[in-house]
Every structure is written in structure tokens, then in C-alpha cells.
Amino acid sequence: MTRRILIRRGTLVLPDRRMLVDGDVLIEGRVIVRVGKGISDPQAQSIDASGLLVGPGFVNLHVHFREPGQERKETLETGARAAARGGFTTVLCMPNTSPPLDHPLVVQALRLRARALPFTNILFAGAISRGCQGKEMCDYGLLKEAGVVALSDDGASVESSRLLYFALQYARYFHLPFILHEEDSELSREGHMHEGEVAFLLGYKGIPRVAEDSRLARDVLLALDTGARVHFTHLSTERSVTILRLFRGQAPVSADVAPHHLLLTAEDVLRFGPLAKVKPPLREKRDIEALKAGIADGTIDILASDHAPHAPEDKEGSFLDAAFGISNLEITVPLYVRALVEDGVVDWIELWRKLSYNPARFLGLENKGVLAEGKDADLTIVDPQTEWEVDVTQFESKGRNCPFQGWSLRGWPVYTIVGGRVVMAERSIVDGEFC
Ligand SMILES: [Zn+2]
């Protein structure tokens, strides 16, 4: 018999219509079959959602699951479990693995493994250049056929303007959008943290804002010129927002942030040491204010994670030897609630829109990001009130490299439903059947 789940008495979040309504949702198999008030179905498994927000599952455009090649940091399975715990029903893995996702066979093998995992829908971005080295274009037709949904050389920026210019034109034939990490490596070279007072005090080489600003400016113009769909990921600077705001509406561009860039500054390097080493680096108060203004006015329309798990040994040594990155997939949503909802930057509807509807539209996922009859039964249920402490020892992710340990946060996902199956209930992974 087809599995049926009835979610009762929730506050339904309809991000496409910018509405909150009280009601129930009935799921049958992998599809939402009814949305409305007073639905009854005695045969269905029932979830009482009173006091909870029920909406389309969150879609995350930026995670690193480290497969293939760095399974000691994360695997598709541990990453997928972390996604379910974080309320993400779809995630996009970046291609800077070892080897990188620059060949259709690597992509096909990973997709087979991903499909066997029930916890989240795992999608893959293919590399823009072979080996993510920025020298030679990949074969986008073959990558698309193998199943990639976007292109990126994340971890680095495409240094060659010429290569990117041709890549943007070539990829249009295959309707593949680009996700760009903006960093002029000539300017950021050997930098470990934001270039400013704290770096000066500690004697560390800095990464100046202009490393991001100048590269983003170039690529906005390339997007404008070629008409290619370009998304800028993990913005960190005031001027990035200003440039993007100037060209939005003219060029087919969009942008996301990562939560740590809204909550921490370069000064936190003094408190957290290697745990606060991340790329782009934690900036200053005025950058946070500018990013929030960009989120409020829609210049930044997507919220992502840049979930970058590492093994303990990658973060245990000195700051200079430590790897860049923060593991945050399981706490991304409550971190955004702290940074944006509690601070009055956006309301719950707008937050949900930037976490589900907008990224689903960017990836062309017509049946995701919307809570309506006939759409995919990917849903997230959030408790907007109860406060819980971040406990990295409870992470499903292998990556415990997280400076937010011990923070008390609200807005935690409490149920995650993927393809009509409850994969997370009351903040714990459901390994067998949910009952
Ligand atoms: Zn990146």
C-alpha cells in the first residue's frame, strides 16, 4: 500500500505566494495530494504540527560532501544525514573533490551512490575547468548528460577571463547555470584571514576585500555581456553587494551568503582560532550590515551553507596550518534565524523563500520549493520557538569544525520529509520506518 502521511494543524508556509496559513498537508507516496483545512485520513500516519511551521523542504546550493577522495572529512552518507538533520531536502555538492567532478564517469558513479541514500536529494555541480585548474574547459554536454545541474570551480575562482568568457557562452547550449567563487588569487595569495587590524595584530597575511570585489565586478560584466546565468556564492564584502545591486535587473545574476558571514567578524579569530578560518574570510561589522541590507532588499536572494567539514587533524594545529572551512549544515537554519529573523532583517516567509523557493527556481526544480498539491513531498517542519544549544558532538556530519558550539538558538528543523518519507523526526535521523 502506498504510504500516506498527514501533517495536522500546522502553520503552512507558502513561499511562492508569500503567505502563512493554518492547515494540514496530506502526502501520498512521493507527492503532496492535499493542502487545506480539516483534512482527515484515519489510515495515514499522523504528525501533529501545532505550534510548528510546515513548508517546502530547504534547498542548499553549497555543500562539500568530500566524495570522492576525502572520505575522512565527510561522505555522501554522513553529509546526507547532516542535511536531513538540518532540514535540507535537496543539496548541491561542489565539484572540488579529489578527483574533481570534471568527467562524466565520476559524476555517474556518485549519482548512483547518492540515489541509494534516502536522507536528502543530492545533486552535483560539474567543474568549469579540468581539474578545477582554470586552464581547459570541461565538456559541458557530457557533464550535463551525466546529470550535473550547474557548473562551478568552487574553492577557487576562474583566473582566466578568456576561459570563463568562452565557458559562459558554450554552457548556454546546455542550459547550465554557473556558481562562482569570487577571489582574485593574486590579491588573496597566502592570506589566512581578512586583511585588517586583527591580521596586523597577529602578524598574519591578509585577504583584502578587493580580492572578491574586483573578481565579482569582472564576472558581473561577463554575465551581462554573454547573457549566461551566473550565481555568486558566499558573498562576504560590502562592495560585492553594491556592485551586484547596480547590475541586478540588467544581467541574469543572483547571489547567496553563508551564515557565518552574518554572525562572526575577523575579531572572532582571536576567540575561535582555526575554527574561524574560512574562505572568504570573516570580515567586519560594516560588511555584515551591507550583507543584511542586500538580503533585505533582495540583492541577495538565496541563503546557503558553504558546509565545509574537516577532520580534527585539519584544524588542530596552528592557525596558519589549518584548513579553511566551517561545518554548519545541521545548524544553518537556526543560525539564519538568529542573524535575520530575530534581527528583523526578514520575516519567516521571506527566510523560507530564500531557503527553498528561490534556490529551487535557480536549479529549475519545478516540483520543489512549493507547498502545493501535485508537488514533490519534500517538506521541512520547523519549531520557531524552542531554544536548543548547539552540540557538535551530536552532529551527523563527520565535521566538528564549528565555532558555534554552545550557542543557544531558535528555529530548528524538527521533521524532514524527503520523497514522502520521514527521514528526520524530533531532530534525530529516522533510520528505519517512521512510526
Ligand atoms: Zn567557495
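No experiment lies behind these values; they were computed from the predicted model shown.

S.K.: Would you mind going over the packing of aromatic side chains with me for this structure?
M.R.: What characterises a pair of aromatic rings is the spacing of the ring centres plus the angle enclosed by the ring planes. Going through the model one piece at a time under the given rule, you end up with eight aromatic pairs. Each residue in the set F58, F88, W348 and W352 is aromatic and connected to the rest through ring pairs, giving one cluster. Stacked on the ring of W388, the Lys or Arg R427 has its end atom at 4.3 Å from the ring centre. Directly above the ring of W412 sits R427, whose terminal nitrogen or CZ lies 4.5 Å from the centroid.

S.K.: Just checking my understanding: could you explain the layout of surface pockets for this structure?
M.R.: To find leftover empty space, a probe the size of one water molecule is rolled over the atoms. Estimates place the volume of the largest pocket at around 370 Å³. Together, 18 residues line the largest pocket, and R30, R115, L117, T120 and N121 are the ones closest to its centre. Listed by contribution, the elements that provide at least two residues to the lining of the largest pocket are α2 (104-115) and β8 (121-127). Of the residues in the lining of the largest pocket, the class split is eight nonpolar, three polar and seven charged. When residues are assigned to domains, the lining of the largest pocket turns out to be shared by domain 1 (4-54 + 374-429) and domain 2 (57-362), each giving three or more.

S.K.: Would you mind going over the coordination of the zinc ion with me for this structure?
M.R.: Around a metal, the perfect tetrahedron of four donors has angles of 109.5 degrees, and the perfect octahedron of six donors has angles of 90 or 180 degrees. Looking at the zinc ion, the protein donor atoms are D154 (OD), H181 (ND1) and H234 (NE2), and they sit 2.1 to 2.3 Å from it. Each donor residue of the zinc ion belongs to the same chain, with the gaps between them written as D-x26-H-x52-H. In this pair, H181 sits in the loop between β10 (178-180) and α5 (185-188) while H234 sits in the loop between β13 (230-232) and α8 (238-247), placing the two residues 53 residues apart along the sequence. For the pair shown, H181 and H234 are each scored as buried.

How each quantity is defined
- Residues numbered from 1 in each chain as written.
- Predicted model: local features only at pLDDT ≥ 70, side-chain atom pairs only at ≥ 80, totals over all residues.
- Heavy atoms only, no water.
- Phe/Tyr/Trp six-rings, centres within 6.5 Å; stacked < 30°, edge-to-face > 60°.
- Lys NZ or Arg CZ within 6 Å of the ring centre and 35° of its normal.
- 1 Å grid on protein atoms, 1.4 Å probe; cavity = no way out; pocket = protein on both sides within 12 Å on 5 of 7 lines; lining within 4 Å.
- Points joined across faces, edges and corners; volume = space filled by probe spheres on them.
- Helix = DSSP H or I, 4+ residues; strand = E, 2+ residues; numbered from the N terminus.
- Nonpolar A, V, L, I, M, F, W, Y, C, P; charged D, E, K, R; others polar.
- Domains from an automatic or database assignment.
- Donors = N, O, S within 2.8 Å, 3.2 Å for Na, K, Ca; no water.
- Buried < 20%, exposed > 50% of the residue type's maximum accessible area, 1.4 Å probe, protein only.

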